[in-house]
Amino acid sequence: MPSQEVTVLNGLNTSQMFDTIDAIKTQPSLAQFQFRARNTWINGGENRSTIKGFYGANREDDSRTEPFVFSNGEPPVLLGANEGANPVEFLLHALAGCVTTTTVLHAAARGIHIEELSTELEGEIDVQGLLGLDDTVPVGYQQIRIKMHIKADCTDEELDNLLAFTREHSPVCNTVCRPVPVKLERVKNQATD
């Protein structure tokens, strides 16, 4: 059997990446994923999220033997005890991670070698919206700024095109940038006989 040369760019196996893309083009159902999280309130502003299983590539994933556990908390000024980052900080973390991963993935697909990449994120929130004190104040972030420091073996124009593509194709960035329906429903306790 002839050995296939593995090409790695930006830490990604590009042969596997292009094979995956070809498989999805042939069988689009492979692209359908469902991610899940469970959360339990602990006390005050502290709660804990657990993430393990997900559905993707036409099957339930079994690659994770242990769940990822994240503690959410609040700083003292927001009535917490710094039990963990607060949820809006986790949103910045998710946005940074997704923008970074999307940039690296599409750079590799374009043959661009990334030498360095880091991001700084800032977002402003007026808690009057959260507290219901002023209906004219947005409840969430009013704006989020991502400053990306990137050094790569390409032109400035290629980098600008890559980052514009990233902004439009990062799942978290796209989710934050457009209205996404979120249904919040109470699960009623079932009476047991």
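Every chain is numbered on its own, with residues counted from 1 as its sequence reads. Confidence filtering applies because this is a predicted model: local features only for residues at pLDDT of at least 70, side-chain atom pairs given and counted only at 80 or more, and all residues used for totals across whole chains, interfaces and linings. Here the side-chain values reflect all heavy atoms present in the structure, with hydrogen atoms and water set aside.

### Focus on the packing of helix α1 (residues 14-26) against helix α2 (residues 87-109)
- Every axis in this analysis is a line fitted to C-alpha atoms, fitted for helices over the stretch in contact. Angles between the N-to-C directions lie between 0 and 180 degrees. Numbering goes from the N terminus for both helices and strands, where a helix is a DSSP run of H or I of at least four residues and a strand is a run of E of at least two. Packing of α1 against α2 brings their axes to within 10 Å, and their N-to-C directions diverge by 95 degrees. When the interaxial angle is binned, α1 and α2 end up roughly perpendicular. Here Thr14, Met17 and Phe18 of α1 lie close against α2, whose contacting residues are Leu105, Ala108 and Ala109.
- The residue makeup of the contact of α1 with α2, split by class, is 5 nonpolar, 1 polar and no charged. Our angle categories are set so that under 35 degrees counts as roughly parallel, over 145 as roughly antiparallel, 65 to 115 as roughly perpendicular, and the remainder as oblique. Contacts are assigned to residue pairs with any non-hydrogen atoms lying within 4.5 Å of each other. Three classes are used: nonpolar for Ala, Val, Leu, Ile, Met, Phe, Trp, Tyr, Cys and Pro, charged for Asp, Glu, Lys and Arg, and polar for all others, with Gly counted as polar.

### As for the sheet that holds strand β8 (residues 68-72)
- Pairing is antiparallel in the open sheet, where 3 strands are placed in the order β4-β5-β8. The two strands at the open ends of the sheet, each matched to only one other strand, are β4 (38-43) and β8. Put simply, the sheet's adjacent strands are angled 20 degrees from each other on average, direction ignored.
- When DSSP finds two or more bridges between a pair of strands, those strands are recorded as paired. Here 5 bridges tie β4 to strand β5 (residues 46-51), and the two strands are oriented antiparallel to one another. For Asn43, the partnering residue across the bridge sits in β5 and is Glu46.

### Some points on the layout of surface pockets
- Buried and open spaces are told apart on a 1 Å grid over the protein atoms alone, a cavity being a set of points where a 1.4 Å probe fits but cannot get out and a pocket being an open set with protein on both sides within 12 Å along at least five of seven lines. Residues with an atom within 4 Å of a point are the lining residues. Grid points are joined across faces, edges and corners, and a volume is the space filled by probe spheres set on the points. Taken as a whole, the largest pocket encloses approximately 1,900 Å³ of empty space.
- Taken together, 43 residues line the largest pocket, and the ones lying closest to its centre are Phe35, Ala94, Cys98, Pro171 and Val172.
- Looking at the lining of the largest pocket, the elements with two or more residues in it are β2 (12-13), α1, β3 (34-35), β4, β5, β8, α2 and α4 (171-177).
- The dominant element in the lining of the largest pocket, judged by the number of residues it contributes, is α2, at 12 residues.
- Tallied by class, residues from the lining of the largest pocket come to 25 nonpolar, 15 polar and 3 charged.

### Some details on a negative patch on the surface
- Distance thresholds for patches are 9 Å for like charges and 5 Å for nonpolar side chains (Val, Leu, Ile, Met, Phe, Trp, Tyr), applied to residues having over 30% relative accessible area and no salt bridge. Computed with a 1.4 Å probe, the accessible areas rest on the Shrake-Rupley method; for each residue, only the protein chains presented here act as cover. Whenever a carboxyl oxygen of Asp or Glu lies within 4 Å of a side-chain nitrogen of Lys or Arg, that contact is scored as a salt bridge. Counted charges follow a simple rule, with Lys and Arg positive, Asp and Glu negative, and His plus the chain ends left uncounted. Lys charges are placed at NZ, Arg charges at CZ, Asp charges at CG and Glu charges at CD. Among the surface-exposed residues, Asp153, Asp156, Glu157, Glu158 and Asp160 lie close enough to one another that they form a single negatively charged patch.
- Take Asp156: it is sitting in helix α3 (residues 156-169).
- For every residue, the accessible area obtained with a 1.4 Å probe (protein chains only) is divided by the maximum for its type, and the residue is called buried under 20%, exposed over 50%, and partly exposed between those limits. When its relative accessible area of 61% is taken as the criterion, Asp156 is described as exposed.

### Considerations on the pattern of salt bridges
- Counted according to the given criterion, the structure contains 8 salt bridges.
- A salt bridge links Asp62 to Arg59; the shortest N-O distance between them is 3.6 Å.
- Judged by relative accessible area, Asp62 falls into the exposed class, the value being 60%.
- Residue Arg59 is classed as partly exposed on the basis of its relative accessible area, which comes to 42%.
- A network of salt bridges, in which partner residues are shared, links Glu122, Glu124 and Arg145.

From the geometry alone we can't say anything about function, so treat these as descriptive.
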